[in-house]
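Residue strings, one per chain:
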Amino acid sequence: MLKGHLDMIVLAALSSGPAHGYAVIEEIRRKSGQAFDLPEGTIYPALHRLEQAGLLSSRWVTADSGRRRRVYALTRRGSLALIERRAVWQQFSKAIGGLLAGAGPRGSPA
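A short tour of the structure in this document, coming up. (Residues numbered from 1 in each chain as written. Predicted model: local features only at pLDDT ≥ 70, side-chain atom pairs only at ≥ 80, totals over all residues. Heavy atoms only, no water.)

## Some remarks on the nonpolar core
Part 1 of the reasoning: Val10, Leu14, Val24, Ile28 and Ile43 are the most contacted members of the largest nonpolar core, which totals 21 residues.
Part 2 of the reasoning: Among the elements of the structure, helix H1 (6-13), helix H2 (21-31), helix H3 (40-52) and helix H4 (76-101) are those that each provide at least two residues to this core.
Part 3 of the reasoning: Residue contributions to this core peak at six residues, all from H1.
Part 4 of the reasoning: Look past the residues within four positions of Leu14 in its chain and what remains in contact with it is Ala19, Val24, Leu47, Leu56, Tyr72 and Leu74. (Core = buried A, V, L, I, M, F, W, Y, C linked by side-chain atoms within 4.5 Å. Buried < 20%, exposed > 50% of the residue type's maximum accessible area, 1.4 Å probe, protein only. Helix = DSSP H or I, 4+ residues; strand = E, 2+ residues; numbered from the N terminus. Contact = heavy atoms within 4.5 Å.)

## Side note on the pairing of strand E2 (residues 56-62)
Part 1 of the reasoning: Here seven bridges tie E2 to strand E3 (residues 68-74), and the two strands are oriented antiparallel to one another. Across the sheet, Thr62 pairs through a bridge with Arg68, a residue of E3. (Pairing = 2+ DSSP bridges.)

Given below as structure tokens:
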């Protein structure tokens, strides 16, 4: 079900502010009510792809522990892409909802 929606999910996870990769994973898990527990091997390639597309920027920071982490943030272009993808998702979701609301057995075709 995530196929085709991962980029939007990652952008949405970063909409509340910059975060390093593991924090993005945790934010997705938290905001999805634990429904999406995505592995690092899924998130990091998406982060790199979105950065290459200009939708994210990144910088290295040193945590209090001394560990260096790459922190990702939405660019202006990324924020606009998220707005656009949300609108497309809402339209799609409404259309599917309409189809499912009318779901049920029908008479045989004429």
